[in-house]
Amino acid sequence: MLRAFASAACTLTLGASVGGCTSAALSSGGATFDAAELSTNPTLLVATTRKPVNGARAKPWYGSERAARLNVARAKLTPPSGGRFSLNAVGLDDWRLDAIEPTSQIGDLYAEPGGTRDVLIYVHGFNQTFENAALDAARISEGIRFRGETMVFSWPSKASLLDYGYDRESAMWSRDALDQVLTGLMASPVTGRIHIVAHSVGTMLTMEALRQICARQPAAGDRIGAVVFASPDIDLDVFTSSVERVGPLAGKITVVTATNDRALALSGFLAGGITRVGAAEKAKLEQLGLRVIDASAQGWGFINHDLFLSNAKVRQVIRRAVDGRPPVDGA
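Everything numeric here is computed off the predicted structure, so don't read it as measured data.

Here we come to the overall build of the chain. Each helix and strand counted, the chain has 12 helices and 9 strands in total. Sorting the 331 residues of the chain into buried and exposed places 49% on the buried side. For the chain, long-range pairs separated by at least 24 residues make up 77% of all intrachain contacts whose partners lie at least 6 apart in sequence. Summed over all atoms, the accessible surface of the chain reaches about 14400 Å², with 54% contributed by carbon and sulfur.

So this is what it looks like as structure tokens:
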């Protein structure tokens, strides 16, 4: 609901002067993009370590319990209504998840084989239901006008502010499954480049999976297009050690930070005062050879932990990373 009101306010107050928040940000780099492929073919690829609820035939589809094995499926979505005067134009319409179609293996996820397909994988953070994670994946894909397949990798979260410990353990427990997904996609002749956007605690399991893959297959990083860590909730020392192990892949990592991210401030306090990567100083991260965007000035809320979803300029950073262009502060 807060996102809907924010989007509505953005459209109503800025639309006359800059043509709308999203369009203004996406055109700031001098390029225009077609509609996201997910909007015209609203099928989301799903890989999850959550246990299905009632066979994933209806909401909540997948719950908070840990599954005995990786589940893969295709999710049928309904995109927001189009049109200048639609509810979506004022932020009152959104993506909907209509059905889940389980498949047997990763290679069966592509509905239409033939040609190569880039893939955008979204790995969610703390306090998320499966459905919210899936819809956020769709919002990101739409927001950056991604042309290719979109996937959500969803790990078991209790979706409660009081279960941070369970969520962190579930995320780490899921790192081998994410490794399995990435390895399976790389083995498919249909897969082109693989782009990853990970948020909050999801960055921790993503980094662990990438570290495992690079240790086993040093050339695997060649198949990765862009890795974007948004508000990474990971110990700075642990992260530094992992970056040193992924080799040239480090040059493809873009970190979106915000020193006024209050969720990460709390996480750091709970971790004994150790700085989280998403709240670290930009210069420290750049010394690791990473691309870094400080989005502190973009946050207008109290928490400032999901700017990659709520801020059009931060989405533009993701778009530039996917295109292989360097980030630009303030763009």
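Tracing the backbone shows E37 in helix α3 (residues 37–40). A distance of 3.1 Å separates a polar side-chain atom of E37 from the backbone nitrogen of G148. Ignoring any residue separated from it by four or fewer positions in sequence, one finds E37 in contact with R117, F146, R147 and G148.

A few words on the nonpolar core. Residues I121, V123, M151, F153, L185 and F239 are the most contacted members of the largest nonpolar core, which totals 51 residues. With 7 residues, the single largest contributor to this core is helix α7 (residues 202–216). If we ignore the near neighbours within four places in the chain, the residues touching F153 are A47, T49, L70, I121, Y122, V123, H124, S174, A177, L178, V181 and L205. Listed in part, the 40 residues of the second largest apolar core include L38, L44, A226 and V317.

For the rest of this paragraph, the subject is unusual backbone geometry. Following K59, the chain continues to P60 via a peptide bond in cis, the omega torsion being 5 degrees. By secondary structure assignment, the location of P60 is in the loop between β1 (43–52) and β2 (62–78). For W61, which is not a glycine, the phi torsion comes out positive at approximately 70 degrees. Inspection of the secondary structure puts W61 in the loop between β1 and β2. Under the relative-accessibility criterion, W61 is labelled buried at 3%. One non-glycine residue, S231, lies in positive phi territory at about 50 degrees. Here S231 is to be found in the loop between β7 (224–230) and α8 (236–245).

With respect to topology, 9 strands assemble into an open sheet ordered β3-β2-β1-β5-β4-β6-β7-β8-β9, the strand pairing being mixed. Each edge of the open sheet carries a strand with a single partner, namely β3 (96–103) and β9 (291–294). In this sheet, adjacent strand axes meet at a mean angle of 20 degrees when their direction is disregarded.

Running from N to C, α7 and α8 cross one another at 30 degrees; their axes reach a closest spacing of 9 Å. Judged by the angle between their axes, α7 and α8 are roughly parallel. Crossing geometry of α7 relative to α8 is assigned as left-handed. On the side of α7, the interface is formed by M207, E208, R211 and C214, while α8 contributes F239, S241, S242, V243 and R245.

For the rest of this paragraph, the subject is the pattern of salt bridges. One pass over the structure, following the stated rule, counts 12 salt bridges. In this structure, E65 and K51 form a salt bridge, with 3.8 Å as the shortest nitrogen-oxygen distance. Separated by 14 residues along the polypeptide, E65 in strand β2 and K51 in strand β1 bring together distant segments of the chain. Taking relative accessible area as the criterion, E65 reaches 48% and is therefore assigned partly exposed. Of the residues examined, K51 reaches a relative accessible area of 42% and is grouped as partly exposed. One salt bridge connects K59 with E131, and the closest N-O pair in it is separated by 3.7 Å. Within this pair, whereas K59 is found in the loop between β1 and β2, its partner E131 is found in helix α4 (residues 130–143), the two being separated by 72 residues in sequence. Overall, E131 belongs to the buried group, its relative accessible area being 17%.

What counts and how
- Chains are numbered independently. Their residues run from 1 in the order of the written sequence.
- Since the coordinates come from a predicted model, pLDDT governs what is reported: local features require at least 70, and pairs of side-chain atoms require 80 or more to be given and counted, while whole-chain, interface and lining totals use all residues.
- Side-chain metrics rest on all non-hydrogen atoms present in the structure, leaving aside hydrogens and water.
- The helix count covers DSSP runs of H or I at least four residues long, the strand count covers runs of E at least two residues long, and both are numbered beginning at the N terminus.
- A simple rule labels every residue: compare its accessible area, found with a 1.4 Å probe on the protein chains alone, to the largest value its type can have, and call it buried under 20%, exposed over 50%, or partly exposed in between.
- The contact criterion used is simple: two residues touch if any of their non-hydrogen atoms lie within 4.5 Å.
- In these tables, accessible area is a Shrake-Rupley quantity obtained with a 1.4 Å probe, and a residue counts as shielded only by the protein chains included in the view.
- What qualifies as a polar contact is a pair of N or O atoms within 3.5 Å, subject to a donor-acceptor requirement within protein and to the restriction that residues adjacent in sequence count only when both atoms come from side chains.
- Residue types Ala, Val, Leu, Ile, Met, Phe, Trp, Tyr and Cys, when buried and joined through side-chain atoms within 4.5 Å, form a set referred to as a nonpolar core.
- Two strands qualify as a pair provided DSSP detects at least 2 bridges between them.
- Helix axes are fitted only over the stretch in contact, all axes being lines through C-alpha atoms; the angle between N-to-C directions runs from 0 to 180 degrees.
- Comment on the angle field: the value is read as roughly parallel under 35 degrees, roughly antiparallel over 145, roughly perpendicular from 65 to 115, and oblique elsewhere.
- Left-handed is the label given to a crossing in which the near helix is rotated counterclockwise from the far helix by less than a right angle, and right-handed is the label when the rotation is clockwise.
- Here, a salt bridge means any side-chain nitrogen of Lys or Arg that lies within 4 Å of a carboxyl oxygen of Asp or Glu.

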